[in-house]
Amino acid sequence: MPTGVVYAFLAAVSFGASTPFAKTLVGAISPVMLAALLYLGSGIGLLAWFCLRAFGPGSGQAASARLSRADLRWLAGAILFGGIAGPVLLMLGLSRTPASAASLLLNMEGVLTSMLAWFVFRENFDRRIFLGMVLIVAGGVVLGWEQRPAFGVPWGALAIVAACLCWAIDNNLTRKISASDAVQIAGVKGLVAGVVNLAIAMSLGASLPALGGLLSAAVIGFCGYGLSLVFFVLALRNLGAARTGAYFSAAPFVGAAISLLMLREAPGSGFWVASVLMAAGIWLHLTERHAHRHAHTAMRHGHAHVHDEHHQHQHDFAWDGSEPHTHAHDHEPLTHSHAHVPDIHHQHRH
């Protein structure tokens, strides 16, 4: 299985598992405070990892892939949408929606990520990929319809879909800087988003929970948000935003399965219909193959790599031959044909 797909599924599993666990804290902790604690746990844990790694072996090479000043505008936008607005909307939605249904509604993040990637950021797609997304959308519609109240608007479901839109914007902005250090990106996003959400929660009169709730939220945030985002950035680097979003659509199934076992929720028939539709959509994405003759333009960037057909360059430092390794390197113009996805090296027009 390609490395990018593995990273995307790891991101999906870690994030999907966090939804039912976060649901257990809804009610005991206000939605905005919970969002703040989840992101603070993510940010503090990842930045501790980043600092420990900075003083370890290979720290000099790793520094070459760290965020640059040009990356900051993309990172700021990602934090605003994905780190501040998204989690607050999700916590509000969870307070009105069963965790199993909320988990499947989170599939809309992959759909909206792909739509933005295709029509705003111009990633390529074909009929097979489009059909897969239609099936995932259909599953979300079925699930949302089942969760509607007898009278009025399904505000819980709408809040979760709005959170997915925020994360879709975040995903496409983060793709712009995905060649940089994934741990640093995720750590900065978590810490800044956590501090801002904490300030908002405090201004609304929320108070910190007891130590047990505080630690639980921090652990859930580190595992479900922090590690998931690290894996997600690595998947963006290798797959592009739309494909990563599609594979990440497996996350709700993980969350729904845990919800049914842990919270003993009883799903309705719409849950199972939505599951089948969404699973079929994911399968269409998994079985995609895209190959044609294409041209690479000259570029310079830094990321972990091996010396494959896309990385044939000289080193201006003493290299012991170990791979993968990280440093700033140049790509010469190249034209060839092979199966590929819109990763950081394949962003050409069709």
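To be clear, the structure that these remarks concern was listed above.
None of the values given here were measured: they were computed from a predicted structure.

(A) Region of the structure containing the overall build of the protein. In terms of regular secondary structure, the protein is built from 13 helices and four strands. Taken across its 350 residues, the protein has 51% of its residues classed as buried. For the protein, the share of sequence-separated contacts (at least 6 apart) that also reach a separation of at least 24 residues comes to 86%. On the protein, roughly 15,600 Å² of surface is accessible, and the fraction owed to carbon and sulfur atoms is 66%.

(B) Quick look at the pattern of salt bridges. In the structure shown here, the tally under the stated rule is three salt bridges. Between Asp181 and Arg53 there is a salt bridge, with its nearest N and O atoms 2.3 Å apart. With Asp181 in the loop between α8 (155–175) and α9 (182–203) and Arg53 in helix α2 (residues 31–54), this residue pair connects regions lying 128 residues apart in the sequence. Among the residues examined, Arg53 registers a relative accessible area of 29% and is labelled partly exposed. In this structure, Lys189 engages Asp170 in a salt bridge whose closest nitrogen and oxygen atoms are separated by 2.6 Å. Note that Lys189 is positioned in helix α9 and Asp170 in helix α8, a separation of 19 residues in sequence. This pair shows no difference in class: Lys189 is buried, exactly as Asp170 is.

(C) Inspection of the nonpolar core at higher detail. With 63 residues, the main nonpolar core has Leu90 and Met91 as its most contacted residues. Sequence-distant contacts of Leu90, that is, excluding residues within four places in its chain, are made with Leu106, Ile160, Ala163, Trp167 and Tyr225.

(D) Geometry of the packing of aromatic side chains. Tallied over the full model, the rule gives seven aromatic pairs. Ring geometry for Phe15 versus Trp167: centroids 5.8 Å apart, planes at 80°, classification edge-to-face. Of this pair, Phe15 sits in helix α1 (residues 3–23) while Trp167 sits in helix α8, and the two are 152 residues apart along the sequence. Classification of Phe15 by relative accessible area gives buried; the value is 7%. Taking the relative accessible area as the measure of exposure, Trp167 reaches 4% and is therefore buried. An aromatic cluster is built from Phe15, Tyr39, Trp167, Tyr225, Phe232 and Phe248, whose rings are joined through pairwise contacts. When the ring centre of Trp283 is taken as origin, the NZ or CZ atom of Arg128, which lies over that ring, is 5.3 Å away. A cation sits over an aromatic face here: Lys176 above Trp74, 5.4 Å from the ring centre.

Basis of the calculations
Residues numbered from 1 in each chain as written. Predicted model: local features only at pLDDT ≥ 70, side-chain atom pairs only at ≥ 80, totals over all residues. Heavy atoms only, no water. Helix = DSSP H or I, 4+ residues; strand = E, 2+ residues; numbered from the N terminus. Buried < 20%, exposed > 50% of the residue type's maximum accessible area, 1.4 Å probe, protein only. Contact = heavy atoms within 4.5 Å. Areas by Shrake-Rupley, 256 points an atom, 1.4 Å probe, with all protein chains shown as cover. Salt bridge = Lys/Arg side-chain N within 4 Å of Asp/Glu carboxyl O. Core = buried A, V, L, I, M, F, W, Y, C linked by side-chain atoms within 4.5 Å. Phe/Tyr/Trp six-rings, centres within 6.5 Å; stacked < 30°, edge-to-face > 60°. Lys NZ or Arg CZ within 6 Å of the ring centre and 35° of its normal.

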